[in-house]
Each structure stands twice: as structure tokens, then as C-alpha cells.
Amino acid sequence: MHQAGLPVSLPTYLDLLRAAADHGFGELMLQLPYSDLERAAQWLAPMQELSQQLSVQMTIKLPCAPDWEACIRWVKAQGQAVLLTGLSNPVQLLWAHDMAADYVAPYVGRLVNDGRDVWALMRACVAQQSHGPQLLAASIKSPDVLAQLMGLGAAAVTLPPASLVAWSTDALTQAAVQQFDKDVQTSLRGA
């Protein structure tokens, strides 16, 4: 939200749910900003009501941190899908499984920058998917990392729009297209 320049407010979240429905999106993930159950309830109830009206599946993002445990359990008790964000180690993965999280979201780029063996954790996350939370990898900094995550079997990834645009073309593909065009023109001149 902050990176998009949007205020973290309930009206903004409700507008995002409407925009998701208007664009035909079937799912939206939104992070509750408060672990306090009273404040969380003030946000979650209208969000759930609108997501049901619009037929947009909503997943609530919450930090993978023990001081959010009561909120995580409460959100799950409301029948809401939960994504635990910021997962950084296998103990947190076990805890996420115990919390019945629907998704876990390690920040791949941050783990790499910290010098961690990110691929051991990613393999553990994928191995848990058949009976636990699904892997949604975030903070992906290169198409090579994306390819490795896809190869491992990540359930989903998040990418900034700039990466999607930048990675949708490739110099090797463009060179091949240019060669194809050149070959077609040469062939046509010879016919």
C-alpha cells in the first residue's frame, strides 16, 4: 500500500475490493494493520461483507510473529483465509502450519541479502504445501529467481508491475524475432 502511494485505511481497502471486482479479479490479499482484536474487527467485518457481496475471495495478510498469534487465530476463527508474511526460517514454517495458515510469504530477496540459504527454506515450504500452507514468494529480484521458484513448485509469487513489464520481453527473444523477420524477408525476395 505504501509503495503504491495509497493510505492504509479502511476506505482504501474497500475501494481496492471494489476495483478488484471491477477488473474481474477473483482474489485479493490485504494486510490488517492492527493486532488488537477490537481494531482488527472494525476492519475485518466490513471487508468480509464487501468481499462476499462482490464475490472476491479475500486473504488477510498478517505478520509471522508470535505477538500476532491471538489475531491470527481470531481471523482464522472468522472463517477467513490467512497469509503469514515475513516468514524467515523453518521454525516459523512449522508455527505457520500449527496456526493453520493458508499461505506463507517469505521475502526471498531479503533472505538472499541476509546471506541465508533461501533455497532450503523454499524447498521446505513447497514440501509442506500438500498438507499445510501454500508458498507465496515475495521480494523477487530477478527472472532467474522466479524460474527457480516456479521449478520448485511455488503456489504463487508477487511481482511489482515494473518487473512484469521488464521481464515480459527478453533480448534473446527479440534477437530471434529479428532473425525470423530477416529470414522471412529473404525468403520472400527469393520466391
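Description of the structure in this document. Only a predicted model underlies this, so the values are computations on that prediction, with no experimental measurement involved.

## Some words on the pattern of salt bridges
Side chains that differ in charge, positive against negative, can pair when their charged atoms come close. Counted by the stated rule, this structure contains five salt bridges. A salt bridge links Glu-69 to Arg-73; the shortest N-O distance between them is 3.0 Å. Remark: Arg-73 and Glu-69 occur in helix H3 (residues 69–77); sequence separation between them is four residues, near one turn of the helix. The structure contains a network of salt bridges with shared partners spanning Glu-69, Arg-73 and Asp-98.

## What to know about the packing of aromatic side chains
The description of an aromatic ring pair uses the distance of the two centres, along with the angle that the planes make with each other. Summed over the entire model, instances satisfying the criterion amount to two aromatic pairs. With a centroid separation of 5.2 Å and 85° between ring planes, the pair formed by Tyr-13 and Trp-43 is classed as edge-to-face. One end of the pair, Tyr-13, is in helix H1 (residues 10–22); the other, Trp-43, is in helix H2 (residues 37–54), and 30 residues separate them in sequence. Like Tyr-13, the residue Trp-43 is buried in the burial classification. Look at Tyr-34 and Trp-43: their rings are 5.8 Å apart centre to centre, the planes differ by 70°, and that puts the pair in the edge-to-face class. For Trp-43, a relative accessible area of 9% corresponds to the buried category. One aromatic cluster in this structure is built from Tyr-13, Tyr-34 and Trp-43. The residue whose ring lies beneath Arg-39 is Tyr-34, and the NZ or CZ to ring-centre distance is 3.7 Å. Above the ring of Tyr-107, the side-chain terminus of Arg-110 is found at 4.4 Å from the ring centroid.

## Here we look at the pairing of strand S5 (residues 134–137)
Two strands pair when backbone bridges link them, and strand S4 (residues 103–106) and S5 are joined in this way by two bridges, in the parallel orientation. Looking at the pairing, Tyr-103 lines up with Gln-134 of S5. Sheet topology places S5 next to strand S6 (residues 156–157); two bridges connect them, and they run parallel. Bridge pairing in S6 places Ala-137 opposite Val-157. Each parallel crossover has a hand, and the one from S5 via helix H7 (residues 143–152) to S6 is right-handed.

## A closer look at the nonpolar core
By size, the foremost hydrophobic cluster in this structure holds 46 residues, and its most contacted members are Leu-17, Leu-32, Met-47, Leu-62, Leu-84, Met-122 and Leu-149. A per-element tally of this core places helix H6 (residues 118–128) first, with six residues. Residues within four places of Leu-84 in sequence aside, it is in contact with Leu-62, Pro-63, Cys-64, Ile-72, Trp-95, Ala-96, Met-99, Ala-101, Tyr-103, Val-104 and Ala-105.

## Description of the packing of H1 against H2
One can describe the packing of H1 onto H2 by two numbers: an axis separation of 10 Å at closest approach and a directional angle of 15°. Of the possible angle classes, the one that applies to H1 and H2 is roughly parallel. Considering only the axes of H1 and H2, their crossing is right-handed. Two secondary-structure elements touch here, H1 through Leu-10, Tyr-13, Leu-14, Leu-17, Arg-18 and Ala-21 and H2 through Gln-42, Trp-43, Pro-46, Met-47, Leu-50, Ser-51 and Leu-54. Residue classes in the contact of H1 with H2 are distributed as ten nonpolar, two polar and one charged.

## Comments concerning unusual backbone geometry
Positive phi, normally seen in glycine, also occurs at Ser-55, with a value near 60°. Its location among the elements puts Ser-55 in the loop between H2 and strand S2 (57–63). Phi is positive for Ala-100, which is not a glycine, with a value near 65°. A relative accessible area of 39% places Ala-100 in the partly exposed class.

## A few points about the side chain of Thr-12
Secondary-structure assignment places Thr-12 in helix H1. By relative accessible area, Thr-12 is classed as buried at 10%. In this structure Thr-12 touches Met-1, Leu-6 and Pro-7, once residues within four positions along its chain are discounted.

The rules behind the values
Residues numbered from 1 in each chain as written. Predicted model: local features only at pLDDT ≥ 70, side-chain atom pairs only at ≥ 80, totals over all residues. Heavy atoms only, no water. Salt bridge = Lys/Arg side-chain N within 4 Å of Asp/Glu carboxyl O. Helix = DSSP H or I, 4+ residues; strand = E, 2+ residues; numbered from the N terminus. Phe/Tyr/Trp six-rings, centres within 6.5 Å; stacked < 30°, edge-to-face > 60°. Buried < 20%, exposed > 50% of the residue type's maximum accessible area, 1.4 Å probe, protein only. Lys NZ or Arg CZ within 6 Å of the ring centre and 35° of its normal. Pairing = 2+ DSSP bridges. Right-handed = clockwise from strand over helix to strand, strands pointing away. Core = buried A, V, L, I, M, F, W, Y, C linked by side-chain atoms within 4.5 Å. Contact = heavy atoms within 4.5 Å. Axes fitted to C-alpha atoms, helices over the stretch in contact; angles between N-to-C directions. Parallel < 35°, antiparallel > 145°, perpendicular 65-115°, else oblique. Left-handed = near helix turned anticlockwise from the far one by under 90°. Nonpolar A, V, L, I, M, F, W, Y, C, P; charged D, E, K, R; others polar.

Without other data, these values stay purely geometric and don't point to any function.
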